[in-house]
Each structure stands twice: as C-alpha cells, then as structure tokens.
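Descriptive structure summary
Residues per chain are reported as follows:
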Amino acid sequence: MRRLTILAAVAALLAVLAGSALAADKPLTFGMLLVGPYNDKGYSQAQYEGGKYVEAKLPGAKMLYLDKVNPADRPGVTIPQLVDDLAAKGATLILAGSDDMKDGIREAAEAHPDLMFVHISGDDALTGKAPKNLGNVFSKMEYAKMMAGFSAAMTTKTGKIGFLGPLINDETRRLANAAYLGARYAWEKVRGKKAEDLSFKVSWIGFWFNIPGVTSDPNQVAGSFFDQGYDVVISGIDTPEALTVAGARKKAGADVYALPYDYKLACQAAPEVCLGAPYFNWGPPLLTVAKAVAAGTYKPGFEWLAPDFAALNDPDKSPIGFTEGDALAPEARKALAQFIADLGSGKVNLYAGPLEYQDGAVFVQAGSTATDKAIWFCPQLLRGMDGASASK
C-alpha cells in the first residue's frame, strides 16, 4: 500500500514537472509600449525593430505593440489601461519604452504580479521602488554620444556646436554631457585647440519629439543654431529634424552638418550632411530578456549595458552602435577609429576627474573616476557647456 502511495506521489510530481516544462516551452507573447510612432526613424523605431528581432530569433515569439503612447497622442489613456489590454491579449512580458512611463509601468506591474515587466530606461530596480516583477534595462548610450561629440568637434570650422535636447532629466543631461566630453577631447587633444575657443550650447524643446503647441519646434531650434553660427548640431531628440534642417541649409549653400540619434539608418534622411548616428541596437538585449522570461528564469534587476567596442556595429552583439556618416571626412574617420579603440581599451576615460558641474560643484575629483551611479544620477550640465540644467 505504501509503495502504491509513493508511486502515485511520484507520478503526480512528474505531471507537475511536465506541466512546468510545457509552460516554459509555451511561445512567448510580449507587449511593447512605444512613446512615439513605430516608424519615426528614431527612438521608437529602434525599439520596434528590436522587438521584430526577438520575433525572428525566438521561435514562436509574438510582439503586440502600441505606439504613440504619450499624453498628446493618447490623451486620458493611462499606462495601466494599456497594460490591461495587452494582458487580455495574452502578453506575459511587458516592455515600456520611455523614461516618462516610470510611474505608470510601476503601477501596472503592481496590478499584474503574474506578469513580467521591463522598463527600458528608468531606475526603480536600482532605487528599490520596483515591485518584484519589474526590472530596468538600458544601454550606455553615453559612449556613442561621446563619438558623436568627437565627430562634431573634428568637423566644425566655427568651433560652435549645438545640442538639440528633448526634455530635461538625469538621462538627457548625462547624454548631453557625454557629447560635450567627446567634443572637448577631440577639440583639445586631437585638434590642439584652446578650450575657451569651443562653444557647446544645449537648447531643450520640452519633450522627446515635437508636439505642436506644447514643445518648441525642433525645426526652428535647429535653424536658430545655424543662424547663430553653429555649424554642427547634435540631436538628442527622438526624431531627425536636426538632420533635415541641416540638409535644407546645405542645399541653400550653407556649410553645416548634423548628427541624428537613436536609429541606425537615420543618416538616410540627408546623407550629404550626416556625420554619423549614435544608435540603440535593442535586438540582442531584448532577446536575452525574452529568452529568460520564456524559460521562467528572468530575475528583474537594474541592467545598464556597456557597448561591445570590438563589435560596435554588429547587429547581434553590441547594444549600442555608431554609424559613420557620408559627410565625415577621412581624417576625422581615422581619428574617430582611434578614439573608439582607446575608449574600449580604457586608455581614454572621459569620466576621469577633475570634472565640475555648471555651478562649480564637484562631479569627479582629481585622481578619481566617476562611478556608474554618479553618472546615472546627473543633476547638472558640466562646466564649459552653455544651456539650462533644469526646467524653469
């Protein structure tokens, strides 16, 4: 009798394990919330194509996406409401694509403890605010922004570089700072120019992309840079207006250039003025997350992914890349290649002190190097930059 009982228990256990295996092998359906249009040639399209990469690489995976998830395009619609809809359609993993979704995705994760959530950007898992089913994943775009700043400083003839910024927060400040550090290094260390002869100005439009009547018009802001003698504009917004304005000015006879942002093929909008494009390659990191969720092994945490300097533009490896533009001169390309190699080897560390913020407060002391946490939580622009560090 005891033997039969043991056999029954073993059979029950095997049935449970078999059920778990089947559950783990069940094709993954994941939801993607995009802040802008899925085909914006910028930030949202990079994430959308990352999702398509997951579908191609993970058998049976299916993406459900909602784009234009922002108050202007979807007034009155909340992130939890959208997550409810995705969950009802079978999504067991939700990817929230923008920093401004932080509060909403946290609320949704708390309401759906049976689902997994990943906030692309954000830091709730770092600060301890995240529920157990919410993680943060982002890539160290700072290094590609350094490459953008370097390329801009190798190209400028006026010594005046503009940075077209979105809204103001820790993320956007640290990315603008990184572009400035790359520009300053090229200007001083490679071109041998004086620091005081470099002008680096940041102008913010108020959101990730243009919302008529709400933000400043990025076309006008980019045009204003060129009107003031800035001959290179680096974009920090999700869409390619800086590049298209530069292209129009070039056709009118101006010697100006730009660097778009986010999307690998962004230079296609105006290749004749494009120096390069720092971009997100979301396929590999999202595939890693999706595989873990599908296998039941994903452990939410805070991940800030470094570039693969040895395979910077390999679509299956580095989470960020930098596409060299047609307008980047041969000598600048050569210098950029050396700069990238030196960043990768650690020979050049632009976060080595001394570094100060705009108000003179110490960012990094002499003889020290900034920690990831100090870089992530960025309260100001750096000394040497012109522009607002906070919203008025």
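Residues numbered from 1 in each chain as written. Predicted model: local features only at pLDDT ≥ 70, side-chain atom pairs only at ≥ 80, totals over all residues. Heavy atoms only, no water.

Under an unreviewed UniProt entry, the name given to the protein chain is Basic membrane lipoprotein family protein, and the source organism is Solidesulfovibrio magneticus.

**Let's talk about the pairing of strand β8 (residues 232–235)**
Residue alternation in β8 divides its side chains into two sets, Val232 and Ile234 and Val233 and Ser235, and both sets are buried. In this structure, strand β6 (residues 160–165) lies alongside β8, joined through four bridges in parallel fashion. Across the sheet, residue Ile161 finds its bridge partner in β8, namely Val232. Note: β8 against strand β9 (residues 257–259), three bridges, orientation parallel. Residue Ile234 lies in a different strand from β9, and its bridge partner there is Leu259. (Buried < 20%, exposed > 50% of the residue type's maximum accessible area, 1.4 Å probe, protein only. Helix = DSSP H or I, 4+ residues; strand = E, 2+ residues; numbered from the N terminus. Pairing = 2+ DSSP bridges.)

**Topic: the UniProt feature "domain: ABC transporter substrate-binding protein PnrA-like" (unreviewed entry) in the protein chain**
Here the UniProt-annotated "domain: ABC transporter substrate-binding protein PnrA-like" (unreviewed entry) positions come out as residues 31–186. The span residues 31–186 shows a helical share of 45% and a strand share of 19%, and its end C-alpha atoms are spaced 42 Å apart. (UniProt positions renumbered as here; feature names shortened; annotations may be inferred.)

**Structural notes on the sheet that holds strand β11 (residues 302–305)**
Sheet architecture is open: six strands sit in the order β2-β1-β3-β4-β5-β11, paired in parallel fashion. A strand with exactly one partner marks an edge of an open sheet, and here the two such strands are β2 (62–66) and β11. Sheet twist, expressed as the average angle between the axes of neighbouring strands with direction ignored, equals 20°. As paired strands, strand β1 (residues 29–33) and β2 are joined by five bridges and run parallel to one another. Bridge pairing links Gly31 to Leu64 in β2. (Axes fitted to C-alpha atoms, helices over the stretch in contact; angles between N-to-C directions.)

**Digging into the packing of aromatic side chains**
With the rule as written, the count across this model stands at 20 aromatic pairs. Considering the side-chain rings of Tyr43 and Phe280, the 5.8 Å spacing of their centres and the 80° angle between planes classify their relative orientation as edge-to-face. Taken together, the residues Tyr43 in helix α2 (residues 43–57) and Phe280 in strand β10 (residues 276–280) connect sequence positions 237 residues apart. A single burial state applies to Tyr43 and to Phe280, both of which are buried. Connected via pairs of aromatic rings, a cluster forms that spans Tyr43, Phe138, Tyr261, Phe280, Trp282, Phe302, Trp304 and Trp376. Here the guanidinium or amino end of Lys140 rests over the ring plane of Trp304, the centre of that ring lying 5.2 Å away. (Phe/Tyr/Trp six-rings, centres within 6.5 Å; stacked < 30°, edge-to-face > 60°. Lys NZ or Arg CZ within 6 Å of the ring centre and 35° of its normal.)

**Focus: the packing of helix α8 (residues 218–227) against helix α9 (residues 241–251)**
With their axes 9 Å apart at the nearest point, α8 and α9 run at an angle of 50° to one another. Classed by the angle they form, the pair α8 and α9 counts as oblique. The chirality of how α8 crosses α9 is right-handed. Between α8, through Pro218, Asn219, Ala222, Gly223, Phe226 and Asp227, and α9, the contact on the second element is made entirely by Glu241, Ala242, Thr244, Val245, Ala246 and Arg249. (Parallel < 35°, antiparallel > 145°, perpendicular 65-115°, else oblique. Left-handed = near helix turned anticlockwise from the far one by under 90°. Contact = heavy atoms within 4.5 Å.)

**Points about helix α10 (residues 283–295)**
Given 3.6 residues to a turn, an α-helix orients residues that are three or four positions apart in the same direction. With 13 residues, α10 should reach 18 Å at 1.5 Å per residue; the first-to-last C-alpha distance of 18 Å fits that figure. Judged by how many residues are buried, α10 sits mostly within the fold: 10 of 13 residues are covered. Along α10, the positions that sit buried rather than exposed are Gly283, Pro284, Pro285, Leu286, Leu287, Val289, Ala290, Ala292, Val293 and Ala294. A positive phi of about 75° marks Gly296, the residue just after α10. (Expected span 1.5 Å × (residues − 1).)

**Some points on empty space enclosed by the protein**
Applying the stated criterion to the full structure yields three cavities of 30 Å³ or more. Taken as a whole, the largest cavity holds about 40 Å³ of empty space. In terms of lining residues, the largest cavity is bounded by Lys145, Phe163, Pro166, Glu171, Thr172, Leu175, Trp208, Gly236 and Tyr261. In terms of residue count, helix α7 (residues 170–190) provides more of the lining of the largest cavity than any other element does, three residues in total. (1 Å grid on protein atoms, 1.4 Å probe; cavity = no way out; pocket = protein on both sides within 12 Å on 5 of 7 lines; lining within 4 Å. Points joined across faces, edges and corners; volume = space filled by probe spheres on them.)

**Description of helix α6 (residues 142–155)**
Helix length check: α6 (14 residues) gives 20 Å between terminal C-alpha atoms against 20 Å at 1.5 Å per residue, within 8%. A large share of α6 lies buried, amounting to 13 of its 14 residues.

**Considering the pattern of salt bridges**
Tallied over the full model, the rule gives 13 salt bridges. A salt bridge links Asp103 to Arg106; its shortest N-O distance comes to 3.4 Å. Of this pair, Asp103 and Arg106 are both found in helix α4 (residues 102–111), three residues apart, which corresponds to roughly one turn of the helix. Overall, the relative accessible area of 53% leaves Asp103 in the exposed class. As a salt-bridge pair, Glu356 and Arg383 come within 2.7 Å of each other at their nearest N and O atoms. (Salt bridge = Lys/Arg side-chain N within 4 Å of Asp/Glu carboxyl O.)

**Regarding the domain arrangement of the protein chain**
Under the domain assignment used here, the protein chain contains domain 1 (29–140 + 282–305) and domain 2 (142–275 + 321–386). Averaged C-alpha coordinates put domain 1 and domain 2 at centres separated by 28 Å. The junction of domain 1 with domain 2 conceals about 1900 Å² of combined surface from both sides, 65% of it contributed by carbon and sulfur atoms. Considering only the surface of domain 1 that becomes buried against domain 2, Lys41, Lys140 and Trp304 emerge as the three largest contributors, covering 32% of it. The interface formed by domain 1 and domain 2 includes one salt bridge. (Domains from an automatic or database assignment. Buried area = accessible area lost by both parts, 1.4 Å probe.)

**A word on the packing of α6 against α7**
For any two helices packed against each other, one specifies the crossing angle of their axes together with the interaxial distance. Two elements in contact, α6 and α7, have axes whose closest approach is 7 Å; the angle formed by their N-to-C orientations is 40°. As judged from the angle between their axes, α6 and α7 are oblique. Seen from above, α6 lies across α7 with right-handed handedness. Touching Glu142, Lys145, Met146, Gly149, Phe150, Ala153 and Met154 of α6 are Arg174, Leu175, Ala178, Ala179, Gly182, Ala183, Tyr185, Ala186, Trp187 and Val190, all from α7. Considering only residue class, the contact of α6 with α7 consists of 12 nonpolar, two polar and three charged. (Nonpolar A, V, L, I, M, F, W, Y, C, P; charged D, E, K, R; others polar.)

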